[in-house]
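Spelled out, the chains give:
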Amino acid sequence: MAKIVFESVTKTFPVRGRGRKNGRGGEGEFTALDSVDLEIGPGEFMVVVGPSGCGKSTLLDLLGGLTRPTGGRVLLDGAPVTGPGLDRGTVFQQYALLPWRTALGNVAFGLEATGVPRRHRAAKAREFLGLVGLTGFEDRHPHELSGGMRQRVAIARALAYDPDVLLMDEPFAALDAQTRESLQDELRRIWQRTGKTVVFITHGIEEAVYLGQRVAVLTSRPGRVKEVVPVSFGDRGAGATGEDLRSSPEFARHRHEVWTLLHDEVARAQRLEKEEAAA
Ligand code: ADP
Ligand code: MG
């Protein structure tokens, strides 16, 4: 059975005044997602790409149970998502860490909502900080950590209470290229080790192809699934390094395929924006 199913999922938002012309909603509403169908298997690494404003975060919010679909259904293990839950861990672009807590305290915080007894929390938090390469940084506060380190803490926090599904909304977008690439490698390693189902949002084509087993390309708004591209190249299960993979001909081919799909959508989105500004 599929782990996650989006079944004809539509999401509209009410807007003041008349409906936005190109959102294709009725009077006073804006259609962010329009009849999205997507199935994600257990343990799969699914990447979703699409132009800015096409509804990627909305899609993830629906899966996270932060918002409800206007039409259709979002199923997790066959049951409709009705709200947030500890079976899903989320990592956002902005480091949503508590500034007054240490790295260890932030990871332990995620465990407070679970049944982990207080005396076991620190050890577990330590273990997960180790998993993301932050052993020795347990006592630092967020302002004493680099951007990459903060995102590692956020990942450790999301993993610590052992959710089945990891939801990631452009988690590496604010990082410099080198840090981003090393975190991509770590995320792949963690995914391989833990077998989590990952839904990863990005607008980066390289990132999408490097990380995803499949890449779902969304249309510009309203978001629909334009195409799902299966990505397979090299023997990346067997410890091939990032550079080898990124410079392989298969990688270039997949990147071009996703680029072409996305390029048309970005152009369309820009056209819509111009028309709107002129109206
Ligand atoms: P993305 O993450 O792909 O950039 P979002 O999912 O954040 O896009 O947003 C999709 C569209 O829905 C955008 O046009 C955005 O302005 C609109 N939108 C998102 N959330 C709301 C909301 N709560 N109310 C009204 N409009 C919203
Ligand atoms: Mg977004």
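Throughout what follows, the structure given in this document is the object of discussion. (Residues numbered from 1 in each chain as written. Chains lettered and ligands numbered in written order. Predicted model: local features only at pLDDT ≥ 70, side-chain atom pairs only at ≥ 80, totals over all residues. Heavy atoms only, no water.)

1. Some details on the packing of aromatic side chains
All told, the structure shown has three aromatic pairs when counted by the stated rule. Here the aromatic rings of Phe45 and Trp191 are separated by 5.4 Å at their centres, their planes lie at 80°, and the arrangement is edge-to-face. In this pair, Phe45 is assigned in strand β3 (residues 45-49) and Trp191 in helix α5 (residues 177-194), connecting sequence segments 146 residues apart. Summarising the burial analysis for this pair, Phe45 and Trp191 share the class buried. Between Phe45 and Phe200, the ring centres sit 6.1 Å apart and the planes meet at 40°, which makes this aromatic pair tilted. Placement of Phe45 in strand β3 and of Phe200 in strand β8 (residues 197-202) is noted, with a sequence separation of 155 residues between them. A relative accessible area of 0% places Phe200 in the buried class. Ring pairs connect the aromatic residues Phe45, Phe172, Trp191 and Phe200, which therefore count as one cluster. Over the ring of Tyr210 we find Arg246, and its NZ or CZ is 3.8 Å from the ring centre. (Phe/Tyr/Trp six-rings, centres within 6.5 Å; stacked < 30°, edge-to-face > 60°. Helix = DSSP H or I, 4+ residues; strand = E, 2+ residues; numbered from the N terminus. Buried < 20%, exposed > 50% of the residue type's maximum accessible area, 1.4 Å probe, protein only. Lys NZ or Arg CZ within 6 Å of the ring centre and 35° of its normal.)

2. Thoughts on the packing of helix α2 (residues 103-112) against helix α3 (residues 118-131)
For the pair α2 and α3, interaxial distance at closest approach is 8 Å and the crossing angle is 115°. Once α2 is placed against α3, the crossing between them reads as right-handed. In contact with Ala103, Leu104, Val107, Ala108, Leu111 and Glu112 of α2, α3 contributes Arg121, Ala122, Lys124, Ala125, Arg126, Phe128 and Leu129. Looking at side-chain class alone, the contact of α2 with α3 contains nine nonpolar, no polar and four charged residues. (Axes fitted to C-alpha atoms, helices over the stretch in contact; angles between N-to-C directions. Left-handed = near helix turned anticlockwise from the far one by under 90°. Contact = heavy atoms within 4.5 Å. Nonpolar A, V, L, I, M, F, W, Y, C, P; charged D, E, K, R; others polar.)

Remember, this is a structural readout, not a statement about activity or role.
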